[in-house]
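Residue-level structural notes
If you want the building blocks of each chain, they are given just below.
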Amino acid sequence: MSLPHPLARIVASKDFRLVVLIAILIVVFGSLIGDRLFGQLGLRSMAYQLPELGLLSLAMMVAMLSGGIDLSIIATANLSALTIAGSLSLMPAGDGGSAAALWEIGSVLAGLAVALAVGVGNGLVIGYFRVSPILATLGSMTLVKGLAIGLTHGSVLSGFPPAIVFLGNGSVLGLPMPLIVFAAVAAPLSALLTMTPFGVRIAMFGSNERAVRFSGVDTRALTLRTYVLSSFVAFFAGLVMMARFDSANAAYGESYLLVTILACVLGGVDPAGGFGRVSGLVLALVVLQIISTACVVLGLSQFLTLAIWGGILIAVGALDAASAGGVFALLRSLVTDVVAPASASPPTGASKPQ
Amino acid sequence: MLKAARGFRQSQEFWLVMVTATLVVVLSILRPNFLSLQNLLDLMSSYAYTGMLVLALFVVLIAGGIDISFAAVATAAQYAALTVANSYNIGWIGVTLIAAAIGLSLGLVNGFLVYALGLASIIVTIATQSIIFGLVLTITRGQDIFSLPEWFTRGVDWTFTVSPDGTEYAINLQMIALVASLVVTWLLLNRTNIGRQVYALGGNPDAARRIGFRVFGLNLFVYGYMGLVAGLASIVLAQYTQSVSPTALVGRELDVVAAAFLGGASVLGGAGSVLGAALGIALLAIIQNGLTLLGVSSYWSGFSTGVVIVVAVVAMARDARRRWRDSPGM
């Protein structure tokens, strides 16, 4: 069997239709409110907002790739941010200097340790006690958030050293720091998931758990490491959130929880596990962010944004379901027949990317 | 007989009964007023909304699906029905009908989309939750309704006994609704043909389809039932809280999901009993009420609930694994 023409393969991929969607959005909104949406201010606000949801979605994606789900990511991010904030508030007063810098680094590491501990807990319960991921992380989400509320009584901790505030609000060479942090997490994560045995095994595990176990992989340890990785990414989300708001709270970003799942599925992550790429997720995030910022510019309610996001997911799902007669199948067959008639056309419906 | 007894001893319900009973004994020793009639009636009233939703969600879980959108559905039904009630004199029947109709139709939309899109039900209902909640908040601008018709706020109370010291004990709308949905859900799952089909669908969807069950119809039925109950529960809740708040319900749906799983619904579908669901609700209610009575700061109630959920799911998973190992042929 000959491989399909590279161009046909690109068009058939889930990433391609997101690119089309982005192009449509740019044309539509560009003609309506282009100067404001894609002006300096619009792009700037997009670049500062996308990383929060983006980092949380990456954390969710790791778990979904393995066929699981991690509902505790936001609680983890917040507890980790509160740990950093609490530790910073204990910093002995005095002149700045290296002692203060050391204390700051120690605080961040303490926050990281807390996040990893939650990940280990999730991984143990899911991998070794065989509790289903949705149940286990529902429990740990309640527990971790409860711990954060119990310790802080729901209050906001604020006022951080310049280094942390810079992480959320500064920019380097015109690039906002949150975006740099996002890229610095997303790119290595993408490499990890596609190029290392550990990363490939996560997706294989999501695709066929039994086959992975029978091929000699310790699936319990693999699950443990998957959820530690998810929490590790959630830690960066917590760090960026606290830096951007210059404060930490047990309930920040809570409404994002279900949106991260929405973003992952829109980005082509299979909810049943096994398939999904960071590139697709990033494109989906761009789609969501353009819609969100456009709604702000148009003066529409932020809740309407949520409704449109949900509508987009249903619409994409409907396109998938009707792919036999859908727009993308049409585009696909156009490209395969007109541009690359010599190559074998991929069978419709059987063209799962990866 | 002995076999049946052993079967019960190994079941999820047995563990729930044991844990709940232990908690009840400990609490009533520490705080004698825990077992007072008044406290139990109060508990039932305040958990009526959650309880009704847990029972309906249980049906969806048994069918192998999940619904995340019920809180948004309840918000829409509640807001619409009581907005109309504030302008027109539609009475209890009118309010109930409007809420039920909105809940049912949104539920049917869920059922249709889950079947037609072929996507995981959790994904579809997250999307519909976003759509419904987003639109409701856009239209209402997130404003609460505090003034409700007088006949509505008065509610329904039947005093059934008066204690010697003059305290009246009454049965109210919340208790009736909770008990009614318990009875209806039990009858539905255990005494009707469609209820058995729901179990079969969750147990093995392919087999159910090949036998000739109308899977589309069953989907419409379970999600429709969930929507209908969400609509009715929203009225029960509005009567209890004496207000309508479009932002109060969404965001807390995972509590309901947790209670349903605690009650023994399998993540894979096909299993679970109404008794278990009732015990799951009771367990959560008793823990939260018990902590309040013990004087634990409400700031720690989330943490305690989380600990109980984690311990319970780990214990139940170990139990299930043991049964799996002991079962013949494995």
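For the structure itself, consult the block above.
First, a word on what this report is: a plain description of the structure on this page. (Residues numbered from 1 in each chain as written. Chains lettered and ligands numbered in written order. Predicted model: local features only at pLDDT ≥ 70, side-chain atom pairs only at ≥ 80, totals over all residues. Heavy atoms only, no water.)

The next point concerns the side chain of Q197 of chain B. Position of Q197 of chain B among the secondary structure elements: in helix α10 (residues 193–203). Every residue in contact with Q197 of chain B, bar those within four places of it in the chain, is listed here: F213 and L218 of chain B. (Helix = DSSP H or I, 4+ residues; strand = E, 2+ residues; numbered from the N terminus. Contact = heavy atoms within 4.5 Å.)

Residue and element names in this part refer to chain B. Relative to strand β2 (residues 168–172), strand β1 (residues 157–162) is paired through five bridges, and the arrangement is antiparallel. From the neighbouring strand, D157 faces β2, where its bridge partner is N172. Taking the residues that link successive antiparallel strands as the turn, the β1-β2 hairpin has five residues, and the phi of G166 there is positive, at about 95°. (Pairing = 2+ DSSP bridges.)

In this structure, L58, I261 and L266 of chain A together with L57 of chain B are the most contacted members of the largest nonpolar core, which totals 180 residues. A81, L82, I235 and A238 of chain B belong to the second largest nonpolar core, which has 14 residues in total. (Core = buried A, V, L, I, M, F, W, Y, C linked by side-chain atoms within 4.5 Å. Buried < 20%, exposed > 50% of the residue type's maximum accessible area, 1.4 Å probe, protein only.)

Residue and element names in this part refer to chain A. Its 27 residues place the ends of helix α11 (residues 219–245) 39 Å apart at the C-alpha level, agreeing with the 39 Å of an ideal helix rising 1.5 Å per residue. With 19 of 27 residues buried, α11 lies mostly within the body of the structure. The opening residue of α11, the one whose side-chain oxygen lies 3.2 Å from the backbone nitrogen of R220, is D218. Phi turns positive one or two residues past the end of α11, at D246, with a value near 55°. (Expected span 1.5 Å × (residues − 1). Polar contact = N/O pair within 3.5 Å; in protein donor to acceptor, adjacent residues only side chain to side chain.)

Per the counting criterion, the structure on display carries 11 aromatic pairs over all chains. Ring geometry for F303 of chain A and F133 of chain B: centres 6.3 Å apart, planes at 75°, overall edge-to-face. With F303 of chain A in helix α14 (residues 302–321) and F133 of chain B in helix α7 (residues 121–140), this residue pair bridges two chains. The exposure class assigned to F303 of chain A is partly exposed, which follows from its relative accessible area of 26%. Judged by its relative accessible area of 11%, F133 of chain B is buried. Taking 6.4 Å as the distance between ring centres and 10° as the angle between the ring planes, the aromatic pair formed by F221 of chain B and Y225 of chain B counts as stacked. Here F221 of chain B pairs with Y225 of chain B, and both are found in helix α12 (residues 215–241), just four residues apart, close to one helical turn. By relative accessible area, F221 of chain B is classed as partly exposed at 26%. Residue class for Y225 of chain B comes out buried when judged on its relative accessible area of 11%. Cluster of aromatic residues (ring-pair linked, three or more members): F232, F235 and F236 of chain A. Sitting over the face of the ring of F198 of chain A, R225 of chain A holds its NZ or CZ atom 4.3 Å from the ring centroid. (Phe/Tyr/Trp six-rings, centres within 6.5 Å; stacked < 30°, edge-to-face > 60°. Lys NZ or Arg CZ within 6 Å of the ring centre and 35° of its normal.)

Each side of the interface is counted separately: chain B has 40 residues, and chain A has 39 residues. Interface of chain B and chain A: buried area, both sides summed, is about 3300 Å²; carbon and sulfur atoms make up 86% of it. Three residues, I123, L254 and Y299 of chain B, lead the burial of chain B against chain A; their summed loss comes to 17% of the area buried on that side. Run the count over chain B and chain A and you get zero salt bridges. In this structure, the connection of chain B to chain A is made through one residue pair in polar contact (both at pLDDT 80 or more). Of all elements in the fold, only α6 (91–117), α7, α13 (253–262) and α15 (301–326) of chain B reach the threshold of two or more residues within the side of chain B that touches chain A. Per element, the largest residue contribution to the side of chain B that touches chain A is 14 residues, and it comes from α7 of chain B. Tallied by class, the residues present in the side of chain B that touches chain A amount to 30 nonpolar, eight polar and two charged. (Buried area = accessible area lost by both parts, 1.4 Å probe. Salt bridge = Lys/Arg side-chain N within 4 Å of Asp/Glu carboxyl O. Nonpolar A, V, L, I, M, F, W, Y, C, P; charged D, E, K, R; others polar.)

Let's shift gears to helix α3 (residues 40–65) of chain A. The α-helix advances 3.6 residues per turn, and as a result positions three or four apart in sequence lie on the same side. Residue and element names in this part refer to chain A. Over its 26 residues, α3 extends 36 Å from the first C-alpha to the last, a length consistent with the 38 Å expected when each residue adds 1.5 Å. Of all the bends in α3, the largest measures some 30° and sits at L50, one to four residues before the proline P51. For α3, a buried count of 20 out of 26 residues is recorded, marking the element as mostly surrounded by other parts of the structure. G67 sits one or two residues past α3 and shows a positive phi near 85°. (Bend = angle between axes of the 7 residues up to and from the residue.)

Bringing the pattern of salt bridges into the picture now. Summed over all chains, the structure comprises six salt bridges over all chains. R220 of chain A serves as the salt-bridge partner of D218 of chain A, at 4.0 Å between the closest nitrogen and oxygen. The class of D218 of chain A is partly exposed, set by a relative accessible area of 42%. Taking the relative accessible area as the measure of exposure, R220 of chain A reaches 43% and is therefore partly exposed. The partner of D206 of chain B in a salt bridge is R209 of chain B, with the nearest N and O atoms 3.6 Å apart. Separated by three residues within a single helix, D206 of chain B and R209 of chain B lie in helix α11 (residues 205–211), roughly one turn from each other. You can call D206 of chain B partly exposed: its relative accessible area is 44%. For R209 of chain B, a relative accessible area of 44% translates into the label partly exposed. Members of the salt-bridge network, linked through shared partners, are R130, E209 and R213 of chain A.

Looking now at the packing of α3 of chain A against helix α8 (residues 177–195) of chain A. Residue and element names in this part refer to chain A. Direction vectors running N to C along α3 and α8 enclose 20°, while the axes themselves pass 8 Å from each other. In terms of orientation, α3 and α8 fall into the roughly parallel class. The two elements α3 and α8 cross, and the hand of that crossing is left-handed. Along its contact with α3, which presents A47, Y48, L50, P51, G54, L55, L58, M61, V62 and L65, the element α8 presents P178, L179, V181, F182, V185, A186, L189 and L193. The residue inventory of the contact of α3 with α8, partitioned by class, reads 17 nonpolar, one polar and no charged. (Axes fitted to C-alpha atoms, helices over the stretch in contact; angles between N-to-C directions. Parallel < 35°, antiparallel > 145°, perpendicular 65-115°, else oblique. Left-handed = near helix turned anticlockwise from the far one by under 90°.)

Our focus in this paragraph is the environment of G290 of chain B. Residue position: G290 of chain B is located in helix α14 (residues 274–293). By relative accessible area, G290 of chain B is classed as buried at 2%.

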